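# Structural description and commentary
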Amino acid sequence: MTTTSQTLKELSESVTEQVIEWRRFLHAHPELSFHEENTSQFVYDTLKSFGNIELSRPTRTSVVGRIIGKQPGKTLAIRADMDALPIEEKNTFPFASKNPGVMHACGHDGHTAMLLGAAKVLSGLKDELNGEVRLLFQHAEELAPGGAEEMVQAGVMDGVDAVIGAHLWSPLETGKIGIVYGPMMAAPDTFYITIKGKGGHAAMPHQTVDSIAIAAQVITNLQHVVSRQTNPLDPLVVSVTKIQGGTTHNVIPGSVELVGTVRSFDAGLRKNVPKLMERVIQGITAAHGADYDFKYEEGYRPVINDRGVTAMMEEAVRDVFGEEAIARLQPNMGGEDFSAFQQKAPGNFFYVGCGNPVKGIVYPHHHERFTIDEDALENGVKLFVHAAFKFLNGH
Ligand code: NI
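Keep in mind that this is a model prediction, so the values were computed, not measured.

## Let's talk about the overall build of the chain
Across its full length, the chain carries 10 helices and 16 strands. Taken over the C-alpha trace, the chain has a radius of gyration of 24 Å; the compact-globule value for 395 residues is 21 Å, and the two agree within 12%. Seen along its three principal axes, the alpha-carbon backbone of the chain occupies a region of about 85 × 45 × 40 Å. For the chain, the residues scored as buried account for 53% of the 395 residues in total. Accessible surface for the chain amounts to roughly 16800 Å². Of this, 51% is attributable to carbon and sulfur atoms. For the chain, the distance from the average site of its 35 positive side-chain charges to the average site of its 47 negative ones is 3 Å.

Rendered as C-alpha cells:
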C-alpha cells in the first residue's frame, strides 16, 4: 500500500479530537521549565499506549520516541517543547490552569499535543516508513541554559539527517503557516551592570558620587552602541529592562543595578557588542568618579533555517493547504533554543498560525489571557506527518 497525501490528511484529521483533549489536559496542568515531571510522564505513557515506538528519557524531564520504519533510510527529528511560564492565568475556561502561578502562555501545550498526534498517526504507518522519525519532547525552552542543549549533549541528535519544529503563533491567523528562509530568530544574551558610586544626603550631592545620575547616562549612551557604533544593516537590540537603586527621597544610593537583553544574528557582531558596551560603561563611570561591575551572559544561538529543509517544508505546506496558506515572514528578535538542534543537523523552524480575532483569540504570547485557536492544532499534525513522508519516502 502506498500512502497518498489524501490518506495522510484523513489520518491526521482522525486524531484531532484526541489532540484537543491532550492539549486541554496539558493546559490545565502546566509545569515550569526543568520541572516537567508530570508532563513528561504523561507524554511517555501516551506514546507507550500507541505501541510501535521505542521510548527513552535522555534527561529527567524529557522524552524521546523513535518510530523506526521497515526499510532503512534517513532520520527526521521533530521537536516539541513542553514547559510553561510563571504567570497567573486569567482565562476562565474549564481547562484553565489548575496550578497557581503557572500557565501555558506560549502554546507549548499545543506543540506537545500536535507531536503526540503526529506520533499516533506515524506509529500506525511504521511499516511504510523508510528510515526513522525521532520525536523530541523537550523540557525547558523558556529558561536558559535551555533543555535543547542538554538533550543534544545526551546524544538525541546522533544519526539525525534533518530536524524540524513548529511554534504556534498568535500574530498569524489560523490557516496560515509562517515560513522563513535563513535567519529567523535572534541570539538572546543577558547583561548585568552595577554602577558603584558613593551614597549620601540628597541635599549635598557634591559629597556623593550619584549612582542614579550616572546610571541614567549609561542607559542613554548604551543606545549609541546600536545607533552609532554598529552597522545599521546588522540587526541589533540593546534594551535595559530593569533598574534598581535607592530607598527614599532624601538619600542618594551608593549603587544602582541594571539588567537587560541584547539580541543579534551576526556572530561577529555578537562577539563585539559586550566590548562596545563595556567601553561606554567604563568611560561614563570613570568620567564621574564611579566604578562598575559588568557581567555578560550568552544565551541561545540564533535560529537559522537551512535552505533545503525549509524548501521541503514550504512544499509540504503547499501540498497540504495550497499556496495561499504560505505566509513569508520576516525574522524577529525573539530567541529559541531550537537552534541547539540545528547545530547538529540542518533544520527548519516554522510558525503555525493560531490567532483568531473572530473568536477573541488576540492576546500576545506570554500574556495572562493568551490562548490558541484549537483549529490550528490539526494543521500542525498534518505538517509533521507530511514532512515525515516527504523527507523519508520522497513524496
Ligand atoms: Ni514559546
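Having seen the structure, we can now continue with the description.
## Quick look at the coordination of the nickel ion
Around the nickel ion, the protein contributes the donor atoms Cys106 (SG), His108 (NE2) and His167 (NE2), which lie 2.2 to 2.3 Å from the metal centre. Look at Cys106 and you get buried, because its relative accessible area is 7%. Accessibility expressed as a relative area gives 1% for His108, which makes it buried.

## Some points on the layout of surface pockets
A volume near 640 Å³ is recorded for the largest pocket. Lining the largest pocket we find 27 residues, and of these Glu142, Pro188, Arg263, Tyr300 and Gly335 sit closest to its centre. Mapped by element, the contributors of at least two residues to the lining of the largest pocket are strand 5 (162-173), strand 8 (187-196) and strand 12 (255-264). Counted by class, the lining of the largest pocket contains nine nonpolar, 11 polar and seven charged residues. Split by domain, the lining of the largest pocket shows at least three residues from each of two domains, domain 1 (5-186 + 302-393) and domain 2 (188-297).

Parameters and conventions
- Residues numbered from 1 in each chain as written.
- Predicted model: local features only at pLDDT ≥ 70, side-chain atom pairs only at ≥ 80, totals over all residues.
- Heavy atoms only, no water.
- Helix = DSSP H or I, 4+ residues; strand = E, 2+ residues; numbered from the N terminus.
- Rg over C-alpha atoms; globule rule 2.2 N^0.38 Å.
- Buried < 20%, exposed > 50% of the residue type's maximum accessible area, 1.4 Å probe, protein only.
- Areas by Shrake-Rupley, 256 points an atom, 1.4 Å probe, with all protein chains shown as cover.
- Lys, Arg positive; Asp, Glu negative; His and termini not counted.
- Charge placed at Lys NZ, Arg CZ, Asp CG, Glu CD.
- Donors = N, O, S within 2.8 Å, 3.2 Å for Na, K, Ca; no water.
- 1 Å grid on protein atoms, 1.4 Å probe; cavity = no way out; pocket = protein on both sides within 12 Å on 5 of 7 lines; lining within 4 Å.
- Points joined across faces, edges and corners; volume = space filled by probe spheres on them.
- Nonpolar A, V, L, I, M, F, W, Y, C, P; charged D, E, K, R; others polar.
- Domains from an automatic or database assignment.

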